[in-house]
Amino acid sequence: YFTIRDNKLVLHTAHIHVDALDDSFRRPAERFYLYYFLRGRLGFPIYGALMSETREVRRQAVYSLSQLIFREMAERKKQGQFELAFVIFPTPGNRFDEGVLSLLRGAKVPVVDLQGCLKGRPDTELYAELHPTSLGNEMLAACLVRDLAAKGLLPSVPKAG
């Protein structure tokens, strides 16, 4: 519900009844990504600086939370009747964080890393806006089954007939 008027972006809210707004609309979050995106596009980049200034604090928070989750996952596996694996799907241009991989290994959570699965094919065949295409999904599924089987994480299925 945006228009451009006098070379400015204008948000129209006449269709919203003010009493129906919840707190998040009255007081938007401190880090509102659309706001930072628009500031950058209009020549006032803050988002890049904010991300670089807070990178290490955010990384440590992710590591702390991840470590708790991975330990809990491993403990539940020990207590239950299920197999467990952490699956890493590829994202073009981004490698999975080695620190998180180290935490997974430390918690003895098996890792199935599919980042190399789609190598050798043009990204345009395999991805549409960073999401796998049907072909990409088919290839990832085949790699996933292969790698889970290699780690002994697939239940044995009786053969028909």
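The sections below set out a description of the structure shown in this document. Everything numeric here is computed off the predicted structure, so don't read it as measured data. (Residues numbered from 1 in each chain as written. Predicted model: local features only at pLDDT ≥ 70, side-chain atom pairs only at ≥ 80, totals over all residues. Heavy atoms only, no water.)

**As for a nonpolar patch on the surface**
A cluster of nonpolar side chains, contributed by L65, L68 and I69, occupies part of the molecular surface with about 300 Å² of accessible area. Relative to the helices and strands, L68 resides in helix 3 (residues 47-79). With relative accessibility at 56%, the residue L68 sits in the exposed group. (Patch = residues over 30% accessible without salt bridge, like charges linked within 9 Å, V, L, I, M, F, W, Y side chains within 5 Å. Areas by Shrake-Rupley, 256 points an atom, 1.4 Å probe, with all protein chains shown as cover. Salt bridge = Lys/Arg side-chain N within 4 Å of Asp/Glu carboxyl O. Helix = DSSP H or I, 4+ residues; strand = E, 2+ residues; numbered from the N terminus. Buried < 20%, exposed > 50% of the residue type's maximum accessible area, 1.4 Å probe, protein only.)

**Looking at the packing of aromatic side chains**
This model, assessed by the stated rule, comprises two aromatic pairs. Between the aromatic rings of F70 and F86, the centroid separation amounts to 5.6 Å while the plane-to-plane angle is 75 degrees, which identifies the pairing as edge-to-face. Pair noted here: F70 is in helix 3 and F86 is in strand 3 (residues 86-88), with a separation of 16 residues, a long-range link. For F70, a relative accessible area of 5% puts it in the buried group. On the basis of an interplanar angle of 55 degrees and a centroid distance of 5.9 Å, the ring pair of F86 and F96 is categorised as tilted. Here F86, found in strand 3, pairs with F96, found in the loop between strand 3 and helix 4 (98-106); they are 10 residues apart in sequence, far enough to count as distant. Residue F86 is classed as partly exposed on the basis of its relative accessible area of 22%. (Phe/Tyr/Trp six-rings, centres within 6.5 Å; stacked < 30°, edge-to-face > 60°.)

**Looking at the environment of G136**
Position of G136 relative to the elements: it lies in helix 6 (residues 134-150). Through-space distance from the C-alpha of G136 to that of L118 is 7.3 Å; in sequence the pair is 18 residues apart.

**Topic: helix 6**
The first and last C-alpha atoms of helix 6 sit 24 Å apart over 17 residues, in line with the 24 Å expected at 1.5 Å per residue. Listed in full, the buried residues belonging to helix 6 are G136, M139, L140, C143, D147 and L148. Down the axis of helix 6, the buried set is contained in an arc of 160 degrees. They therefore lie on one face. Pointing more than 90 degrees away from the buried face of helix 6 are the exposed residues S134 and E138. Positive backbone phi, at 70 degrees, marks G152, one or two positions downstream of helix 6. (Expected span 1.5 Å × (residues − 1). Arc of directions from axis to C-beta.)

**Some words on the nonpolar core**
Grouped together as the largest cluster of nonpolar side chains are 12 residues: Y63, F70, A74, L84, I88, V100, L101, L103, L104, A107, V109 and V111. The biggest single contributor to this core is helix 4, with four residues. Judged by nonpolar contacts, the second largest core, of 11 residues, contains V112, C117, L148 and L153. (Core = buried A, V, L, I, M, F, W, Y, C linked by side-chain atoms within 4.5 Å.)

**A closer look at the state of the cysteines**
One way to say it: the disulfide is the covalent bond shared by the sulfur atoms of two cysteines. Throughout the structure, instances matching the rule amount to one disulfide. There is a disulfide in this structure between C117 and C143, and the S-S distance comes to 2.0 Å. Disulfide C117-C143: the torsion about the S-S bond is 85 degrees, which places it as right-handed. Pair noted here: C117 is in the loop between strand 4 (111-113) and helix 5 (123-126) and C143 is in helix 6, with a separation of 26 residues, a long-range link. Here C117 and C143 have matching classes, each one buried. (Disulfide = S-S within 2.5 Å.)

**Quick word on the pattern of salt bridges**
Scanning all chains against the criterion turns up three salt bridges. Between E72 and R76 there is a salt bridge, with the nearest N and O atoms lying 2.8 Å from each other. One end of the pair is E72 and the other is R76, both in helix 3 and four residues apart, which spans about a single turn.

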